[in-house]
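Survey of secondary and tertiary structure
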Amino acid sequence: MQKNTPYEVAAPGASLALSKDALVAIAERRLASVTQDSPWSVRQTLALSCRILFDGGHDSGLAGQISCRGGQDGTFYTQQLGLGFDEITASNLIEVDHDLRVVHGEGIPNPANRFHSWIYRQRPDVACIIHTHPTHVAALSMLEQPLIVSHMDTCPLFDDCAFLPSWPGVPVGNEEGEIIADALGDKRAILLAHHGQLVVGRTVEEACMLALLMERAARLQLLAMAAGTILPLPPALAREAHDWISTARRDSVTFAYYARRALRQHADCLA
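Residues numbered from 1 in each chain as written. Predicted model: local features only at pLDDT ≥ 70, side-chain atom pairs only at ≥ 80, totals over all residues. Heavy atoms only, no water.

By the naming in an unreviewed UniProt entry, the protein chain is Aldolase, taken from Janthinobacterium tructae.

**Concerning the overall build of the protein chain**
When its secondary structure is counted, the protein chain shows 8 helices and 8 strands. Relative to the globule expectation of 18 Å for 271 residues, the C-alpha radius of gyration of the protein chain, 20 Å, shows essentially globular dimensions. With the C-alpha coordinates aligned to their principal axes, the bounding extent of the protein chain is approximately 65 × 45 × 35 Å. Scored against the burial criterion, the 271 residues of the protein chain give a buried share of 44%. On the protein chain, roughly 13,500 Å² of surface is accessible, and the fraction owed to carbon and sulfur atoms is 56%. (Helix = DSSP H or I, 4+ residues; strand = E, 2+ residues; numbered from the N terminus. Rg over C-alpha atoms; globule rule 2.2 N^0.38 Å. Buried < 20%, exposed > 50% of the residue type's maximum accessible area, 1.4 Å probe, protein only. Areas by Shrake-Rupley, 256 points an atom, 1.4 Å probe, with all protein chains shown as cover.)

**A few points about the pattern of salt bridges**
All told, the structure shown has 10 salt bridges when counted by the stated rule. Residue Glu 240 is joined to Lys 20 by a salt bridge in which the shortest nitrogen-to-oxygen separation is 3.0 Å. You can see Glu 240 sitting in helix α7 (residues 235-245) and its partner Lys 20 sitting in helix α1 (residues 20-34), a full 220 residues away along the chain. Judged by its relative accessible area of 52%, Lys 20 falls in the exposed class. (Salt bridge = Lys/Arg side-chain N within 4 Å of Asp/Glu carboxyl O.)

**A look at the pairing of strand β1 (residues 65-69)**
Remark: a regular strand shows side chains that alternate across the two faces of the sheet. Extensive coverage of β1 is indicated by the burial of 4 of its 5 residues. As judged from the 4 bridges shared by β1 and strand β5 (residues 128-132), these two strands associate in the antiparallel manner. Looking across to β5, one finds that Ile 66 is bridged to Ile 130. Counting the residues between successive antiparallel strands, the hairpin from β1 to strand β2 (residues 75-78) contains 5 residues, one of them, Gly 74, with a positive phi of roughly 80°. (Pairing = 2+ DSSP bridges.)

**A closer look at the UniProt feature "domain: Class II aldolase/adducin N-terminal" (unreviewed entry) in the protein chain**
Under the UniProt annotation, "domain: Class II aldolase/adducin N-terminal" (unreviewed entry) lies at residues 44-222. Within the segment residues 44-222, helix and strand shares are 32% and 20% respectively, and the terminal C-alpha atoms sit 34 Å apart. (UniProt positions renumbered as here; feature names shortened; annotations may be inferred.)

**A short note on the environment of Ala 211**
Here Ala 211 is to be found in helix α6 (residues 204-227). Sequence separation between Ala 211 and Leu 53 is 158 residues, and the spatial gap between their C-alpha atoms is 7.8 Å. Among all residues touching Ala 211, those that are not within four sequence positions of it are Leu 53, His 58, Ile 130, Gln 197 and Val 199. (Contact = heavy atoms within 4.5 Å.)

**Focus on the sheet that holds strand β8 (residues 196-201)**
If you walk across this open sheet you meet the 8 strands as β4-β3-β2-β1-β5-β8-β7-β6, and the pairing is mixed. Bordering the open sheet on either side are β4 (102-104) and β6 (161-164), each of which pairs with just one other strand. Strand-to-strand twist in this sheet, taken as the mean axis angle between neighbours without regard to direction, amounts to 25°. The pairing of β6 with strand β7 (residues 189-192) spans 4 bridges and is parallel. Residue pairing for β7: Phe 163 is matched across the bridge by Leu 191. Where helix α2 (residues 42-55) meets the sheet, its contacts fall on β1, β2, β4 and β5, and the angle it forms with β1 comes to roughly 160°. (Axes fitted to C-alpha atoms, helices over the stretch in contact; angles between N-to-C directions.)

**A closer look at the nonpolar core**
Among the nonpolar cores identified, the biggest contains 43 residues, and Ile 130, Leu 147, Leu 157 and Met 214 are the most heavily contacted of them. Those elements giving two or more residues to this core turn out to be α2, β1, β5, α4 (135-141), β7, α6, α7 and α8 (248-265). Filtering out sequence-adjacent residues up to four positions away, Met 214 remains in contact with Val 137, Leu 147, Leu 157, Cys 161, Ala 189, Ile 190, Leu 191, Gln 197 and Val 199. Within the second largest apolar cluster, 20 residues are counted, among which are Ile 94, Trp 118, Ala 181 and Ile 190. (Core = buried A, V, L, I, M, F, W, Y, C linked by side-chain atoms within 4.5 Å.)

Rendered as structure tokens:
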């Protein structure tokens, strides 16, 4: 067990005199002391993400893809074409190379996975890509308006969500891959006009949490737009919230919660 800090053993109520920075540091140390390594393999985590996203409204038939870097250099795991997110298991994922040739598993990938290759090549920091067409993101994309982050919960997307204002067509060509990868730039998310959303993460857990958040943010934006004018957050406070929430430990803890929910309905995904 982690040793107590001087603040932890101070007299009761002593923390009421501490600065915000000191309290943040204590909170981070406490979280680090209870955060555990994931009990799931990469393939299991990817399959769990599919079920979490399905339950979170990201189902749109066979549209959308999820992928993460594979077991070999220059490959990635993804779902096989013909299976919905609610059918993905650790065992039916396939491994493909950047030419979308299957190197392990049965079936074929979605041809739209081509733009994943472009992002992986341009962003060595990215381990997972999720592209979906959830209802509220898709509705917002039809307005050709960027995502507006104006609520504490959605601050992980503050100044971290790009916008592609024009639809380049079906993303099966190299041109579309280059356009989407360039528009994403160094951000973790992008709203694609007349299309959907795409998020990237250093881990599968991070990408899954961002994808869920994109749909929630789009829903909140549409509700707020229907009621009045959306007012901006103070940038400094929004950045503070972005950095406070956007950590690997928080992604891990939050993902574990959604995974427990998913496993109550989808225990087969770990097969």
